[in-house]
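# Notes for the structure review
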Amino acid sequence: MAIYVKAFSLVLKTVSKPLAKQVKEMAKSHPFLRELSISMALKADSLYQTIMSPTPLNEPIISSGGRRMKIPKKPPVMTEDQALQAAGDFLAEATVFGIAGGLVWWEQSKSAEKDEKKAVAAKEEREQLTTMIALQQRTLQDVTEVLKEFEQNRRETSAVLEEMQRRERERDSR
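Calculation criteria
Residue numbers here run from 1 along each chain, matching the order of that chain's written sequence. Reporting of local features is limited, given that this is a predicted model, to residues whose pLDDT is at least 70; pairs of side-chain atoms are given and counted only at 80 or more, and all residues count toward the totals for whole chains, interfaces and linings. Based on all heavy atoms of the structure, the side-chain values leave hydrogens and waters out of the count. Working definition of a nonpolar core: buried Ala, Val, Leu, Ile, Met, Phe, Trp, Tyr and Cys residues. They are joined through side-chain atoms within 4.5 Å. Think of it in three bands: with a 1.4 Å probe and only protein chains considered, a residue is buried below 20% of the maximum accessible area for its type, exposed above 50%, and partly exposed in between. Numbered from the N terminus, helices here are DSSP runs of H or I no shorter than four residues, and strands are runs of E no shorter than two. By definition in these notes, contact holds between two residues if any of their heavy atoms fall within 4.5 Å. Whenever two N or O atoms come within 3.5 Å, that pair is a polar contact, provided that in protein one can donate a hydrogen and the other can accept it, and provided that, for residues adjacent in sequence, both atoms are side-chain atoms. Between N-to-C directions, angles span 0 to 180 degrees; the directions come from axes that are lines fitted to C-alpha atoms, helices contributing only their stretch in contact. Orientation labels follow simple angle bins: below 35 degrees gives roughly parallel, above 145 gives roughly antiparallel, 65 to 115 gives roughly perpendicular, and whatever is left gives oblique. Side-chain classes are defined by residue name, with Ala, Val, Leu, Ile, Met, Phe, Trp, Tyr, Cys and Pro counting as nonpolar, Asp, Glu, Lys and Arg as charged, and the others, Gly among them, as polar. What a helix should span is 1.5 Å times the count of its residues minus one. In the sections that follow, a salt bridge refers to a side-chain nitrogen of Lys or Arg positioned within 4 Å of a carboxyl oxygen of Asp or Glu.

Time to look at the nonpolar core. In this structure, Ile38, Ala41, Ala83, Leu84 and Ala87 together form the largest nonpolar core, which totals 5 residues. If you list the elements that add at least two residues to this core, you get helix H2 (31-52) and helix H3 (80-173). Per element, the largest residue contribution to this core is 3 residues, and it comes from H3. When sequence neighbours within four positions are dropped, the list of residues in contact with leucine 84 reads Ala27, Lys28, Arg34, Ser37 and Ile38.

Residue position: serine 37 is located in helix H2. A polar atom in the side chain of serine 37 sits 2.7 Å from the backbone oxygen of leucine 33. Other than its neighbours up to four places away in sequence, serine 37 contacts Ala27, Ala83, Leu84, Ala87 and Leu91.

Time to look at the side chain of serine 16. Note on placement: serine 16 falls in helix H1 (residues 2-29). Filtering out sequence-adjacent residues up to four positions away, serine 16 remains in contact with Val96 and Ile99.

The next subject is the packing of H2 against H3. The contact between H2 and H3 brings their axes to 8 Å, and the two run at 95 degrees. On the basis of the axis angle, H2 is roughly perpendicular to H3. The residues of H3 that touch H2, namely those facing Arg34, Ser37, Ile38, Ala41 and Leu42, are Glu80, Ala83, Leu84, Ala87 and Leu91. Residues that form the contact of H2 with H3 fall into these classes: 7 nonpolar, 1 polar and 2 charged.

Let's shift gears to H3. In a regular helix each residue adds 1.5 Å, so 94 residues correspond to 140 Å; H3 covers 134 Å between its end C-alpha atoms and thus fits that length. For H3, every residue scored as buried is listed here: Ala83, Leu84, Ala87, Gly88, Ala92, Thr95 and Leu103.

As enumerated under the stated definition, the model contains 6 salt bridges in all. The salt bridge partner of aspartate 89 is lysine 24, with a shortest N-O separation of 2.5 Å. Placement of the pair is aspartate 89 in helix H3 and lysine 24 in helix H1, with a sequence separation of 65 residues. We classify aspartate 89 as partly exposed; its relative accessible area is 31%. Close ionic contact of glutamate 151 with arginine 155 constitutes a salt bridge, the shortest N to O distance being 3.5 Å. Of this pair, glutamate 151 and arginine 155 both sit in helix H3, 4 residues apart, which is roughly one turn of the helix. Each of the salt bridges in this network shares a partner with another, and the network as a whole consists of Glu163, Arg166, Arg167 and Glu170.

In structure tokens, the structure reads:
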């Protein structure tokens, strides 16, 4: 069965790439998705520029000698075409990543189910072995008791025989 699961995973991963291209093209052609993609990409770029900017844009950089240096230039803003391309690439990669993540999750759940079945089988086997060991211990105790009874009977019989032999010797000696 494992070969079927692996083959299924490989087929899904292969199919995810053309699907991702279709999602990318749909984001470019559909008017609502196009505007949403451009808007989100421009906001992400703005956030990136804000985080990566070494100094505030309105303050000049001052050197250690106290001299004023050049004022940093405002970082370039993405064009709509660049934003659309970045958003399309992001959606395509998110599609591939989502499918791959779903496959990993599915394989993990299958593996967990298999492990659970093994654990249940091991628990049942352990219970059976425990029951068997308890039965063997009871049987061993019973055998030990029977052996003690035989030993006691042997001693009693030996004592009676010795007594009889002693009496017979006494009778023969008279």
